[in-house]
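Listed here are the chains, written in short residue letters.
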Amino acid sequence: MIANSFRISLILRFHYFFLFIKIYITFVNIILKKFHIIYTGNINLKMLKEHLKYSLRKDGITMPRPKTKEDLMVTAKENYEKLNTIILKMSDEELNAPFDFSKDEKKKEAHWKRDKNLKDILIHLYEWHQLILNWINSNQNGEEKPFIPKPYNWKTYGDLNVEFWKKHQNTNLEEAKEMLKQSHKEVLELADTFTNEELFSKDVYKWVGESVLGSYFVSGTSSHYDWAIKKIKAHQKNCRSK
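From a predicted model like this one, the values you see are computed outputs, not experimental measurements. (Residues numbered from 1 in each chain as written. Predicted model: local features only at pLDDT ≥ 70, side-chain atom pairs only at ≥ 80, totals over all residues. Heavy atoms only, no water.)

## With respect to the overall build of the protein
Regarding its fold elements, the protein presents eleven helices and zero strands. Element order for the protein, N to C, with α for helix and β for strand: α-α-α-α-α-α-α-α-α-α-α. Per-residue burial over the protein gives 38% buried out of 242 residues. For the protein, restricting intrachain contacts to residue pairs at least 6 apart in sequence, the fraction spanning at least 24 positions comes to 68%. Carbon and sulfur atoms make up 57% of the accessible area of the protein, which amounts to about 16,300 Å² in all. (Helix = DSSP H or I, 4+ residues; strand = E, 2+ residues; numbered from the N terminus. Buried < 20%, exposed > 50% of the residue type's maximum accessible area, 1.4 Å probe, protein only. Contact = heavy atoms within 4.5 Å. Areas by Shrake-Rupley, 256 points an atom, 1.4 Å probe, with all protein chains shown as cover.)

Spelled out as structure tokens, the structure:
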């Protein structure tokens, strides 16, 4: 009697185990079909991850910060297009109304008070492109320079941003758009001259310091464009609530 119970218990365990395996294989096949990968019995995990990342990006799901050259280039271009799309859809009211976030206690960073309109945001992006271009080109030509130009540093770069703002008070919106379009192009062309290892490996260039070169390109493009998009959306939300 005890032996029969044990045998039945063992059979049930095997049954549930193989049922689990069957469900798991079915799930994997569904995923592989969705991302257009044919199962051959030897799945390339790296390839699967890449398909997942790009398919999710197409579906509008936010992706992690780029860590490869390919991701850097793709995300920079996509976020730049997203920025241009949201600008094209801005109403006259949104374009003409001053940016004012003074009523939002959560928006305490200096930039919420600094930028008064769309032009100010675009100019800020443009000037940080210039920082990237000048820093890399100078150091590659043997002229050692820090990323933040003197007399500013990473503790006082907020003052540098204010100087950028002052510098372009006579720049109009159309000029700012063209300037950003050109600087975006130049930054991506420069990034494309480096290999993946040069961009995302440490200790390749002494003048980069403890970080990696790619992080500067990411911060100055996709991440900065995302910052601009969120700020414009916050402005649009303010306009709608009036």
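Having put the structure on the table, let's press on.
## Thoughts on the packing of helix H6 (residues 118–140) against helix H11 (residues 222–241)
Across the interface, H6 lies against H11 with an axial gap of 11 Å and an inter-helix angle of 170°. With respect to each other, H6 and H11 are oriented roughly antiparallel. Residues Leu118, Ile121, His124, Leu125, Trp128 and His129 of H6 touch H11, and the partners they reach there are His224, Tyr225, Trp227, Ala228, Lys231 and Ile232. Taken together, the residues that form the contact of H6 with H11 break down as eight nonpolar, three polar and one charged. (Axes fitted to C-alpha atoms, helices over the stretch in contact; angles between N-to-C directions. Parallel < 35°, antiparallel > 145°, perpendicular 65-115°, else oblique. Nonpolar A, V, L, I, M, F, W, Y, C, P; charged D, E, K, R; others polar.)

## A word on the layout of surface pockets
Considering only enclosed or pocket space, the second largest pocket measures out at about 430 Å³ in volume. Around the second largest pocket, the lining comprises 21 residues; the ones closest to its centre are His124, Trp128, Tyr157, Asn161 and His224. If one sorts the elements of the lining of the second largest pocket by residue count, helix H7 (residues 157–167) sits on top with five residues. (1 Å grid on protein atoms, 1.4 Å probe; cavity = no way out; pocket = protein on both sides within 12 Å on 5 of 7 lines; lining within 4 Å. Points joined across faces, edges and corners; volume = space filled by probe spheres on them.)

## Section: the side chain of His184
Within the fold, His184 resides in helix H8 (residues 173–191). Note on His184: relative accessible area 8%, which makes it buried. Residue contacts for His184: discarding those within four places in its chain leaves Ala76, Lys77, Tyr80, His129 and Tyr225.

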